[in-house]
Amino acid sequence: MIQFHDFGIDVQTYAERGKENDFPLLKKCPHCRAKRPLHRHGYYERNALTPHGDDRIWIVRYRCRECLKTVSVLPSFLLPYFQYTLSAIWQVVKEQLGLTERTNQAPFLPTKDGIIFYVRRFYRNLSSLHSFFARRWRIIGPIVKKEKERASWWIQTLEEHGLDSAIREMWEGGFRHPFAN
């Protein structure tokens, strides 16, 4: 299982601190709900690709002493199973939809095929966004047939509600994030 945590620092600072980051103490198991602190079970490495470079970062794992299941704590600047950071993916999707100007100063952005992949995933998850926001905040998205218009509206809405926190709430509420399969 994956839980998000906002460390309040950027990718580079997180990478520099490595295993010395201020990892949270998990006081309750998200699997079995045992109200006993989880045991720090180790770390694993993964990539965090930003528009300006790549970093190898440590992700902490915890294990419940009751059910023996593990929980990984993912920094909120990452998405589960993606190497590019949330901000990098968000930037290229907005550029592809014409919502921001393209930046040629970022050498480590996804390839054109990668950008199309993220945009298609975002389009595919528009109904999940609609469902989540309707239940969580009673916000109903626009009823237009053009995906680009709907996607633009949802991008603006996510940014207004705080992209990181909205995605964290979606994940914790059992909804897929906007780029999930």
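Residues numbered from 1 in each chain as written. Predicted model: local features only at pLDDT ≥ 70, side-chain atom pairs only at ≥ 80, totals over all residues. Heavy atoms only, no water.

Contact pair helix α2 (residues 86-96) / helix α5 (residues 147-160): the axes reach a minimum separation of 11 Å and the direction vectors enclose 145°. Seen from above, α2 lies across α5 with left-handed handedness. Residues Trp90, Val93 and Lys94 of α2 form the contact with α5, whose participating residues are Ile155, Leu158 and Glu159. Classifying every residue of the contact of α2 with α5 by side-chain character gives four nonpolar, no polar and two charged. (Axes fitted to C-alpha atoms, helices over the stretch in contact; angles between N-to-C directions. Helix = DSSP H or I, 4+ residues; strand = E, 2+ residues; numbered from the N terminus. Left-handed = near helix turned anticlockwise from the far one by under 90°. Contact = heavy atoms within 4.5 Å. Nonpolar A, V, L, I, M, F, W, Y, C, P; charged D, E, K, R; others polar.)

This part takes up helix α6 (residues 163-172). Among the residues of α6, those classed as buried are Leu163, Ala166, Ile167, Arg168 and Met170. Looking at the buried positions of α6, the neighbouring elements they touch are β1 (2-5), α2, α4 (126-137) and α5. Among the residues trailing α6, Gly174 stands out with phi positive, at a value near 90°. (Buried < 20%, exposed > 50% of the residue type's maximum accessible area, 1.4 Å probe, protein only.)

This part takes up unusual backbone geometry. As a rule of thumb, non-glycine residues mostly have phi less than zero, and peptide bonds are mostly trans rather than cis. Even without glycine at this site, Arg33 takes up a positive phi of about 70°. With respect to the element layout, Arg33 can be found in the loop between α1 (11-17) and β2 (39-50). Here the phi dihedral of Tyr81 falls at roughly 70°; this positive angle occurs in a residue that is not glycine. Mapped onto the elements, Tyr81 comes out in the loop between β4 (70-75) and α2. Residue classification places Tyr81 among the exposed residues on the basis of a relative accessible area of 72%.

Strand order in the open sheet formed by four strands is β1-β4-β3-β2, with mixed pairing between adjacent strands. The open sheet terminates on both sides in strands that have one partner only, identified here as β1 and β2. Geometrically, the sheet is characterised by an average inter-axis angle of 30° between neighbouring strands, direction not taken into account. (Pairing = 2+ DSSP bridges.)

Here we take up the pairing of β1. Because side chains alternate across β1, one face comprises the buried residues Ile2 and Phe4, and the other comprises Gln3 and His5, none of which is buried. As defined by bridge partners, β1 adjoins β4 across four bridges and the pair is classed as parallel. Pairing of Phe4 across the sheet is with Leu74, part of β4.

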